[in-house]
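Listed below, chain by chain, are the residues.
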Amino acid sequence: MAKTMKQVEADLKLVDIIIEILDARIPISSQNPQIKKLIENKKKIIILNKSDLADVKENDNWRNYFNKQNIPTILCNSNNGDGVNKIIGQINEMLKEEREIAEQKGRTKIARAMIIGIPNVGKSSFINRISNKSTMKVGNKPGVTKNKQWIRLSNNIELLDTPGVLWPKIENQETALNLAYTGTIKSDILDETEIAYNLIKYLISNYKENVKERYKLKSDIVSRILEDSNMEENERIIEIMNYIGEKRGAIEKGNNIDLEKTAKIILEDFRTGNLGKITLEKVQN
Ligand SMILES: Nc1nc2c(ncn2[C@@H]2O[C@H](COP(=O)(O)OP(=O)(O)O)[C@@H](O)[C@H]2O)c(=O)[nH]1
Ligand SMILES: [Mg+2]
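Residues numbered from 1 in each chain as written. Chains lettered and ligands numbered in written order. Predicted model: local features only at pLDDT ≥ 70, side-chain atom pairs only at ≥ 80, totals over all residues. Heavy atoms only, no water.

Side note on the site of ligand 1
Link 1 in the chain: Around ligand 1, a shell composed of 15 residues is seen, among which Asp52, Ser78, Asn120, Lys123 and Ser125 lie nearest.
Link 2 in the chain: One of the side-chain N or O atoms of Asn77 is found 3.4 Å from an oxygen atom in ligand 1.
Link 3 in the chain: About the coverage of ligand 1: the protein hides 72% of its 580 Å² of free accessible area.
Link 4 in the chain: Broken down by element, the shell around ligand 1 gets its largest block of residues, 3 residues, from helix α6 (residues 123-130). (Near = heavy atom within 4 Å. Polar contact = N/O pair within 3.5 Å; in protein donor to acceptor, adjacent residues only side chain to side chain. Areas by Shrake-Rupley, 256 points an atom, 1.4 Å probe, with all protein chains shown as cover. Helix = DSSP H or I, 4+ residues; strand = E, 2+ residues; numbered from the N terminus.)

Some remarks on the environment of Arg129
Link 1 in the chain: Summarising the element assignment, Arg129 is placed in helix α6.
Link 2 in the chain: Taking the C-alpha atoms as reference, Arg129 lies 8.1 Å from Asn80; in sequence the two are 49 residues apart.
Link 3 in the chain: In contact with Arg129, not counting residues within four places along its chain, are Ser78, Asn79, Asn80, Gly81 and Val84.
Link 4 in the chain: Separated by 3.4 Å, the side chain of Arg129 and the backbone oxygen of Ser78 make a polar contact. (Contact = heavy atoms within 4.5 Å.)

A look at the side chain of Asn77
Link 1 in the chain: Its location among the elements puts Asn77 in the loop between β3 (73-75) and α4 (86-94).
Link 2 in the chain: Side chain to side chain, Asn77 and Asn80 meet in a polar contact 3.2 Å long.
Link 3 in the chain: With sequence-adjacent residues up to four places away left out, Asn77 is seen in contact with Asn49, Ser51, Asp52, Asp82 and Val84.

What to know about the packing of helix α11 (residues 233-247) against helix α12 (residues 259-272)
Link 1 in the chain: For the pair α11 and α12, the least separation of the axes is 9 Å and the interaxial angle reads 85°. Compared by their axis directions, α11 and α12 come out roughly perpendicular. Note on element contacts: α12 touches α11 through Leu259, Thr262, Ala263 and Ile266, opposite Ile238, Met241, Asn242, Ile244 and Gly245.
Link 2 in the chain: For the contact of α11 with α12, the residue count by class is 6 nonpolar, 3 polar and no charged. (Axes fitted to C-alpha atoms, helices over the stretch in contact; angles between N-to-C directions. Parallel < 35°, antiparallel > 145°, perpendicular 65-115°, else oblique. Nonpolar A, V, L, I, M, F, W, Y, C, P; charged D, E, K, R; others polar.)

With respect to the side chain of Asn32
Link 1 in the chain: When you line up the elements, Asn32 lands in the loop between β1 (17-23) and α2 (35-38).
Link 2 in the chain: Taking the relative accessible area as the measure of exposure, Asn32 reaches 6% and is therefore buried.
Link 3 in the chain: Side-chain polar atoms of Asn32 contact the backbone nitrogen of Ile35, separated by 3.1 Å.
Link 4 in the chain: Polar contacts involving the side chain of Asn32 include one to the main-chain carbonyl oxygen of Trp167, which spans 2.6 Å.
Link 5 in the chain: Contacts of Asn32, omitting those with residues within four sequence positions, involve Glu20, Ile118, Leu166 and Trp167. (Buried < 20%, exposed > 50% of the residue type's maximum accessible area, 1.4 Å probe, protein only.)

Some remarks on the pattern of salt bridges
Link 1 in the chain: All chains considered together, the criterion is met by 14 salt bridges.
Link 2 in the chain: Across the salt bridge formed by Lys44 and Glu20, the nearest N and O atoms sit 2.8 Å from each other. Here Glu20 lies in strand β1 and Lys44 lies in strand β2 (residues 43-49), a separation of 24 residues in the sequence.
Link 3 in the chain: With a relative accessible area of 2%, Glu20 lands in the buried category.
Link 4 in the chain: Two residues, Glu233 and Lys201, come together in a salt bridge whose shortest N-O distance is 3.9 Å. You can see Glu233 sitting in helix α11 and its partner Lys201 sitting in helix α8 (residues 192-206), a full 32 residues away along the chain. (Salt bridge = Lys/Arg side-chain N within 4 Å of Asp/Glu carboxyl O.)

Quick notes on the pairing of β1
Link 1 in the chain: Among the 7 residues that make up β1, 7 are buried, leaving the element largely enclosed by the rest of the structure.
Link 2 in the chain: In β1, alternate side chains face the same way, and those of Ile17, Ile19, Ile21 and Asp23 on one face and Ile18, Glu20 and Leu22 on the other are all buried.
Link 3 in the chain: In the sheet, β1 pairs with β2 via 7 bridges, with the strands oriented parallel. By the bridge assignment, Glu20 is partnered in β2 with Ile46. (Pairing = 2+ DSSP bridges.)

A closer look at helix α3 (residues 56-68)
Link 1 in the chain: Its 13 residues give α3 an end-to-end C-alpha distance of 19 Å, which sits within 8% of 18 Å, the value for a rise of 1.5 Å per residue.
Link 2 in the chain: Those residues of α3 not exposed but buried are Glu58, Asn59, Trp62 and Phe66. End-on, the buried residues of α3 take up no more than an arc of 105°, which puts them together on one face. Facing away from the buried side of α3, by more than 90 degrees, are the exposed residues Val56, Lys57 and Lys68. (Expected span 1.5 Å × (residues − 1). Arc of directions from axis to C-beta.)

Comments concerning the domain arrangement of the protein chain
Link 1 in the chain: When the domains of the protein chain are assigned, the result is domain 1 (5-165) and domain 2 (191-272).
Link 2 in the chain: One C-alpha centre belongs to domain 1, the other to domain 2; they are set 39 Å apart.
Link 3 in the chain: Contact between domain 1 and domain 2 buries roughly 250 Å² in total, counting both sides, with carbon and sulfur atoms accounting for 48%.
Link 4 in the chain: A per-residue breakdown of the area domain 1 buries against domain 2 is headed by Arg25, Leu53 and Asp55, which together make up 95% of the total.
Link 5 in the chain: Across the domain 1-domain 2 interface, the total number found is 0 salt bridges. (Domains from an automatic or database assignment. Buried area = accessible area lost by both parts, 1.4 Å probe.)

The following block contains the structure:
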């Protein structure tokens, strides 16, 4: 169940470590800038989830980008579990000093962590993956952790079983589009045809071969469209969409290309990974 912002703020006080889940395809657009202030003094780990859908090279670039800011970053696929268990080693490493101090005083330091992230980044999937059969529900603890369910990840790490849901912050059109491509938000301002149009425009500039391969587009026809100086850029992109629609049999009455249907096909193919491994936001050098 989702928590309200007030609950999230209260939960933050109970934990040592925040695990922020981002969508590896849009690591900046899937962040919530407001939360930064709230968690300034907390230890943080970034999970670049859905890394299976993102560009392998860009995954490395993003991991380096966050690591340079001293934020440990882990690439995950919460669908098949790849990378998920690395979180345990990472938490142990981050708590090493605190644990040593506690031990000297004859105490055991239990690390408590919670997951935060905007909708659809894979918070529930990640929690399901990490709570395999060998992990135990810790149950209610009177006092400090009243009414909280904790999942035991190891004998001294516990994870809050419900994630903190953050609202995406849509600061500009680019962010809105990134969140629309990935299906995180339903846009009121843009319809599917416009979203798919912008996606194809990006893909043609950055992942042209993926588009050609997926829809079996002929190189010479694509080049002819893209180099046609009689058309404006937007007309060329629409022409590429028409070509995709033709290839996929998205035809309406009167033998015209059904652009709306073509748009749906493109967005579905992107979201399911049928267009290949694609990153929508790249690290700026
Ligand atoms: N390909 C892929 N899909 C994922 C991954 N993690 C989650 N998903 C899918 O993304 C969608 C949203 O996941 P969910 O866990 O409900 O996100 P939440 O809203 O943050 O809890 C679901 O369809 C998941 O199957 C991942 O690492 N890779
Ligand atoms: Mg969820």
